[in-house]
Amino acid sequence: MWTPVALSRDVPPLVVLPVVAGGRELALWRSASGRIAAWADRCPHRGMRLSHGFVRGEALSCIYHGWSYGAAGNCLRIPAHPDLEPPETIRVAVHVAAEAGGLIWVAPSAPEAPPPDPGALQPLRSLTVEAGTAAVLSLAGLAGDTLARGHLAGVEVTVAVQPIGPARCALHVLTGAAGAAERIALSRELDALRRRAEAGEMAA
Amino acid sequence: MTSEAIRNEWYPVALASQLGPEGRDTRLLGEPIRVDWAAQGRPRVRAADGREMATRLRYGHIWACPGTPSRELFDIPEADQPGRRLVDVGVVRVKCSPLRAVENFLDIAHFPFVHTDILGAEPHTEVGKYDVAIREEVDEVWATKVHFYQPQAAKSAAGGITTEYMYRVPAPTVSILYKTCPPRPGEWDVITLFVQPLEENLCEVWPWMALFDDETPMTDLIHFQQTIFLQDRSILENQLPRLLPLDPGMEIPTRADLTSVAYRRWLKRRGYTYGAQLVAA
Ligand code: FES
Ligand SMILES: [Fe+2]
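Conventions we followed
Residues numbered from 1 in each chain as written. Chains lettered and ligands numbered in written order. Predicted model: local features only at pLDDT ≥ 70, side-chain atom pairs only at ≥ 80, totals over all residues. Heavy atoms only, no water. Donors = N, O, S within 2.8 Å, 3.2 Å for Na, K, Ca; no water. Tetrahedral: all angles 85-135°; square planar, octahedral: opposite > 155°, others 65-115°. Helix = DSSP H or I, 4+ residues; strand = E, 2+ residues; numbered from the N terminus. Buried < 20%, exposed > 50% of the residue type's maximum accessible area, 1.4 Å probe, protein only. Contact = heavy atoms within 4.5 Å. Salt bridge = Lys/Arg side-chain N within 4 Å of Asp/Glu carboxyl O. Polar contact = N/O pair within 3.5 Å; in protein donor to acceptor, adjacent residues only side chain to side chain. Nonpolar A, V, L, I, M, F, W, Y, C, P; charged D, E, K, R; others polar. Pairing = 2+ DSSP bridges. Axes fitted to C-alpha atoms, helices over the stretch in contact; angles between N-to-C directions. Core = buried A, V, L, I, M, F, W, Y, C linked by side-chain atoms within 4.5 Å. Domains from an automatic or database assignment. Left-handed = near helix turned anticlockwise from the far one by under 90°.

**Student:** For this particular structure, what's the right way to read the coordination of the iron ion (ligand 2)?
**Tutor:** Reference geometry at the metal: tetrahedral coordination by four donors gives ideal angles of 109.5 degrees; octahedral coordination by six donors gives 90 or 180 degrees. Residues and elements named next belong to chain B. The protein atoms that coordinate the iron ion (ligand 2) are His110 (NE2), His115 (NE2), Asp232 (OD) and Asp232 (OD), at distances spanning 2.0 to 2.6 Å. Of note is the iron ion (ligand 2), whose four donor atoms meet at the metal with angles of 55 to 155° in an arrangement that counts as irregular. Mapped onto the sequence, the residues coordinating the iron ion (ligand 2) show the spacing H-x4-H-x116-D. Highlighted residues: His110 in the loop between α2 (98-105) and α3 (111-114) and Asp232 in helix α4 (residues 218-236), separated in sequence by 122 residues. Taken individually, His110 and Asp232 each receive the classification buried, so the pair is uniform in this respect.

So, in C-alpha cells, the structure goes:
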C-alpha cells in the first residue's frame, strides 16, 4: 500500500522532515544526489528522532551523537569512535520510497505495483487538515480515495490523500495547466475548505 | 502509588532564592505538593493531605523526601569551599523522563552535535577511554578521567582546550559534573543538574553551579548554562521511547556510553523505575 507523503518539489536535496504513513512516524529525506528515502524516525543508538538530523552527501546523520547511516539504513560512522567499523547489526528500519507524477510515495515493504501515477500535472501545494479523510473529501466533493479528483474553484484538481490519524490528513494538490489567477483562487478555496472541515462542517 | 525505593529519595522542589512568601504549588512523583516557608525561614513541603515531608535547604535549593529518607541528603563538599561563586541558574521545564534528563547530562559524545562550537566541534568527536564505577561504599555512580576537546569550555575559557571531567550520580535524579577550572588549575568547577520529577514524562530541571570565576557577570554565567540546557531540551523532548529503557536491547550503547550503562544498571538494581521502562513492561 503506497501512501503519498509530500510533493517532490517540497523535499529538495539535503532536506529531512517527519512524515506519517500507515500509522508510522518516518523521517523522509533526500540525498545530495537526489535519492529519496523514508526511514523509521528513531535512531537505534539512543532513540533520537532522525527527522531532526542532517543530510551530508548520501548519508543521514542523527543530531544527537552524529551517527550516520547509508542508503540501506546501515550505520556508516560513529563519531565518538572514528576508528571503529560499525557492526552490520546497527540498522535503521527502512521503508520503500518512490516518486511518481511529482509526488513522493512511501510503503512499508516493496509493493507489487509501482505507485499510482496521476499523469502530467503541476504541483500546487500540500496542506494538513485536522479532520478525517472521508469527511474532507466529501466536503470538497472529490471522488476517489488515494488519488481523488474533481473541481475546486472551477479548476480541475487531483488530490493525493495522506491519512495521518482519525482526525488528521494531508492533501497534496496537483492541477492541470492553470493560470496564476486560477492557482491563487484554488489555493484560497483550499484554505476555506480546511477551515470548514476543521469547524466540523459536513457535506450537504 | 510509587514504591519505597522511589519515595525514600531526596528531590529538589524549589529554588530558595526564588521562593516568595506566597509559596509554590508544584508536583512531585505525580502528586501535588506545596512548598513554602514556615516560621524562622524554615522550608516546609506538604502533600495534598497536609502531611509534612522531610525537608532540607542545601545547594540553593529546597529538597524534600516524600517517604522516609533512606539516607542523608548527599554531600557536595565543594559547596562550602571559600572563594567559589554559587550560581542559581533557575528552572527549565522539560517534557521528558527525569531519568533521560540525568542521562543526557552524563553524556559527552553529543557535545559537537548539540552544543556545536561551545562544548564541542567536529572533527574533535572522539571519546577516549574513561573509568566508570558504581562505588559501593557510597552507592553512587562515578565516571572519571573523561577527556574531551572543547572550543569554549566555560564562560572563563577564551579558546579551545582539552577539558577533563568527572561525573557523579549521588541520587537517581541528580547529576554532578566536575570540570577542569581554567583560572585555577588543580581545582574543579562544579556544575550540577537537580531534577524534580513531576510525572514520569515531565520534569523540572534546576542547574546549579559552584565555580571559581570572579570575572564573569552573574547574568552571563546563568545565560551560558541556560543556552546549553535549551539545546539539550530539543533532544530530550524527541527521544523514543519517552521512558528510559533499563534493560538492554532497545538501544545500542558503545564504549562512549559506559556511564549511561552503569547509571541504568544502578537504577535497575535499586528498583528505581519512576520514568523508566523494563523491556518486559
Ligand atoms: S541517538 Fe542517534 S546518534 Fe545517538
Ligand atoms: Fe548537553
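**Student:** I tried to follow the interface of chain B and chain A on my own but got confused; where do I start?
**Tutor:** By convention, interface size is frequently given as the accessible area that disappears when the constituent parts associate. Of the residues lining the interface, 27 residues belong to chain B; the matching set on chain A comes to 24 residues. In this structure, the salt-bridge partner of Arg46(A) is Asp257(B), at a minimum N-O distance of 2.9 Å. Viewed at the interface, chain A and chain B are joined by 19 residue pairs in polar contact (both at pLDDT 80 or more). Contributing elements (two or more residues each) for the side of chain B that touches chain A: α2, α3, α4 and α5 (258-269) of chain B. With three residues, α2(B) is the single largest residue contributor to the side of chain B that touches chain A. Taken together, the residues of the side of chain B that touches chain A sort by class into 10 nonpolar, eight polar and nine charged.

**Student:** Is there a simple way to explain the sheet that holds strand β3 (residues 31-37) of chain B in this structure?
**Tutor:** By definition, the strands of a sheet pair up through backbone hydrogen bonds, in either a parallel or an antiparallel sense. All names here are of chain B. Across the sheet, which stays open at both edges, the three strands sit in the order β2-β3-β4 with antiparallel pairing between neighbours. Here the strands that pair on one side only, and so sit at the sheet edges, are β2 (24-28) and β4 (43-47). If you compare each strand with its neighbour and ignore which way they point, the axes differ by 30° on average. Here β3 pairs with β4 via five bridges, running antiparallel. The residue bridging Ile33 from the neighbouring strand is Ala47, located in β4.

**Student:** Quick question: what am I supposed to make of the nonpolar core here?
**Tutor:** Nonpolar side chains in soluble globular proteins generally cluster together in the buried interior. Counting residues in each nonpolar core, the largest one holds 64 residues, and the members touching the most others are Tyr167(B) and Tyr263(B). Residue contributions to this core peak at five residues, all from α4(B). The two domains that each donate at least three residues to this core are domain 1 (4-65) and domain 2 (80-277) of chain B. Dropping the residues within four chain positions of it, Tyr263(B) is found in contact with Leu99(B), Val102(B), Glu103(B), Leu106(B), Val141(B), Val169(B), Pro172(B) and Leu244(B). By size, the runner-up hydrophobic cluster in this structure holds 22 residues, among which are Leu137(A), Leu139(A), Val161(A) and Cys169(A).

**Student:** Looking at this model, I keep getting lost on the packing of α2(B) against α5(B). Mind explaining?
**Tutor:** For any two helices packed against each other, one specifies the inter-axial angle together with the distance between the axes. Residues and elements named next belong to chain B. Across the interface, α2 lies against α5 with an axial gap of 10 Å and an inter-helix angle of 145°. Crossing hand, α2 versus α5: right-handed. From α2, Leu99, Arg100, Val102 and Glu103 reach across to α5, where they touch Ser260, Tyr263, Arg264 and Leu267. Class assignment for the residues of the contact of α2 with α5 results in four nonpolar, one polar and three charged.

**Student:** Is there a simple way to think about unusual backbone geometry in this case?
**Tutor:** Geometrically, the link from Glu122(B) to Pro123(B) is a cis peptide bond, its omega value of 0° lying close to zero. Mapped onto the elements of the fold, Pro123(B) is located in the loop between α3 and β9 (131-135). Unlike most non-glycine residues, Leu14(A) shows phi in positive territory, near 75°. Tracing the chain through its elements places Leu14(A) in the loop between β1 (3-7) and β2 (16-21). In the Ramachandran plot, Gln40(B) falls in the positive-phi region, its phi being about 55° despite a non-glycine side chain. Position of Gln40(B) relative to the elements: it lies in the loop between β3 and β4.

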